[in-house]
Every structure is written in structure tokens, then in C-alpha cells.
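# Descriptive structure summary
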Amino acid sequence: MVSATNLPKTRDLQQYPPTQPLELPTLPDQDESCAKGNLTAATATLLNNWSGLDDTAATWCSMTTLNLHGQGLTSVPTEIGQLTQLTYLDLAQNSLTTLPKELGYLAALGRLELYNNSLTSVPKELSLDTNLYLLRISGNNLTSIPDELTLLPNLVTFTLHQNNLIAIPSNSSNLTTLTTFTLANNDLRTLPSGLSALKNLVSFDLQNNPNLTVPQEVCEMRADISNFYIDPTQCK
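Residues numbered from 1 in each chain as written. Predicted model: local features only at pLDDT ≥ 70, side-chain atom pairs only at ≥ 80, totals over all residues. Heavy atoms only, no water.

### Concerning the overall build of the protein chain
In terms of regular secondary structure, the protein chain is built from three helices and eight strands. Each helix and strand of the protein chain, placed in order from N terminus to C terminus, yields the pattern α-α-β-β-β-β-β-β-β-α-β. The C-alpha radius of gyration computed for the protein chain amounts to 18 Å, which stays within 12% of the reference 18 Å derived for 236 residues, consistent with globular compactness. Along the longest, intermediate and shortest principal axes, the C-alpha atoms of the protein chain span 60 × 35 × 30 Å. (Helix = DSSP H or I, 4+ residues; strand = E, 2+ residues; numbered from the N terminus. Rg over C-alpha atoms; globule rule 2.2 N^0.38 Å.)

Structure representation (C-alpha cells):
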């Protein structure tokens, strides 16, 4: 695994054909959740066994921060979606390959750390976590990311470096709140049009994508982005 400070990877535009206007995914109402005040002792026991903690249902339901960084986790239970008070969730530096769609129930979540796992996909339901401002998924095995993630309205930091991506969604220009966007150390081949709409970018990293053809529009963004990183031969 790579360190969280190292740089990015991505996937081919042909994998992302132009889509019709995106719609948010939906999830059914939960029968049990902290929001409903009915988290059971059995669910608390399941979460304790998974996390190595020893908390009551009431404590789980009052939890706003859950830090399970580097705990050797290989899975995440669907019951994670019942912890509706969470604003910070750190699952980085584990051995996760998949994530449950129930993460989309965490409407209060602002910061989600997933870097340095073995993820091959992330659920489109993350787009329901509309308070997310930081999403770090670098150092995984992603070959694509869901188009729906470009609907996150408050995303400021999005790190995707050191994956296996060959393109990013064609509607990435929707992410107008981004200040940091890292795509280095992937296998990007091309970039979608419209990225110049990302007027708030302060850091944009495209380094180490040797097969990338960079549109002139992107090269011209260098004048307005204080930390713009790209291999010199790719922008004249």
C-alpha cells in the first residue's frame, strides 16, 4: 500500500459514454437506525465485534467520529448505515475490497477516509452523503468511479491518485466546489471537456499518467491554479 501523501491513478473516456442528466440513487427506509432511536443491542454487539470497540447502542448512536484506521479490516457491515450521527469516518489503511451501499445513509458525513485499501469499486450511493466535503480514495485498485459522485454538492477535496483509472466521468465539471483534485499515478488516457469550469481549484495533480492526451483547455488552467502538476511534455 502507498502512503496517503503520495500521488494518484484513473480510467478511459470510452468507459464513460455520455450520460443523460444524472439522478441520485435511492435507498429504502431503514427499519432500524440511530435516527429512529431504535438501534438494538444485537446491532451494537455486531458493530463491536467488527470494530474491536465495546460500546452500548446508546454510545454508538451518539458517535460522530469513528476512526478505524489501520485495523486490518476486510469488510464493512451494512449496519454502518445506521450510525446516522457520524460526521467523520476513517477506514483508511485496511484491506477492504468493497463497501456497502448503506454508507449512503450517512447524511451527516463530512469526511470519509478510504485511502490505502484494496477497493475495486465504490458505491454510487455515496452521492447521497451530500455533506461530504472530503473524500480520499487514493491508493486503491479502482478502474472507474461512479458518475453519480459528480453530484456531490459540497465536495472540496477529492483524491484519486494511485489507482488504475483510465478516465474520469464525463460530467466531472459538475464538481465546482473542488479545491483539491488529485489524479496522479493512474493510467489516464484522456480528460473530459469542461474542466475549466472548476474555478475553485487550488491544487490539480495529473502527474505520472504517461498515456494521457491533455486538452489545451486543461493546459490553459495552469495560469489560474497555484499548484498545477503535470508532466512537462504533456502541456507545451
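### A closer look at helix 1 (residues 41-51)
Within helix 1 the residues assigned to the buried category are T43, A44, L47, N48, W50 and S51. Down the axis, helix 1 shows its buried residues gathered within 165 degrees of arc, on one side only. Exposed and oriented more than 90 degrees from the buried face of helix 1 are A41, A42 and N49. One or two residues past the end of helix 1 sits G52, with phi positive at roughly 85 degrees. (Buried < 20%, exposed > 50% of the residue type's maximum accessible area, 1.4 Å probe, protein only. Arc of directions from axis to C-beta.)

### Examining the state of the cysteines
Enumeration over the complete set of coordinates arrives at two disulfides. Disulfide partner of C34: C61, at an S-S distance of 2.1 Å. One disulfide, between C34 and C61, carries an S-S torsion of -80 degrees and so falls in the left-handed class. On the criterion of sequence distance, the pair formed by C34 in the segment before helix 1 and C61 in helix 2 (residues 57-62) is long-range, its members being 27 residues apart. Taking the relative accessible area as the measure of exposure, C34 reaches 11% and is therefore buried. On the basis of relative accessibility, which here comes to 19%, the residue C61 falls in the buried class. (Disulfide = S-S within 2.5 Å.)

### Comments concerning the packing of aromatic side chains
Under the definition given, this model contains three aromatic pairs. Relative to F204, the ring of F181 has its centre 5.8 Å away and its plane inclined at 10 degrees; by these criteria the two rings are stacked. Of the two residues, F181 sits in strand 6 (residues 180-182) while F204 sits in strand 7 (residues 203-205), which places them 23 residues apart along the sequence. In this structure, F181 and F204 share a single accessibility class: buried. (Phe/Tyr/Trp six-rings, centres within 6.5 Å; stacked < 30°, edge-to-face > 60°.)

### What to know about the environment of K36
Looking at the secondary structure, you find K36 in the segment before helix 1. Sequence separation of K36 and Q82 is 46 residues, and the distance between their C-alpha atoms is 9.2 Å. Excluding anything up to four places from it in sequence, K36 contacts Q30 and D31. (Contact = heavy atoms within 4.5 Å.)

### As for the sheet that holds strand 8 (residues 227-229)
Read across the sheet, eight strands follow the order 1-2-3-4-5-6-7-8 without closing on themselves; strand pairing throughout is parallel. Each end of this open sheet is capped by a strand with a single partner; those strands are strand 1 (65-67) and strand 8. Each adjacent strand pair in this sheet contributes to an overall mean axis angle of 5 degrees, direction not counted. Bridge count between strand 3 (residues 111-113) and strand 4 (residues 134-136): three bridges; the pairing is parallel. In the sheet register, L112 faces strand 4, and the bridge partner there is L135. (Pairing = 2+ DSSP bridges. Axes fitted to C-alpha atoms, helices over the stretch in contact; angles between N-to-C directions.)

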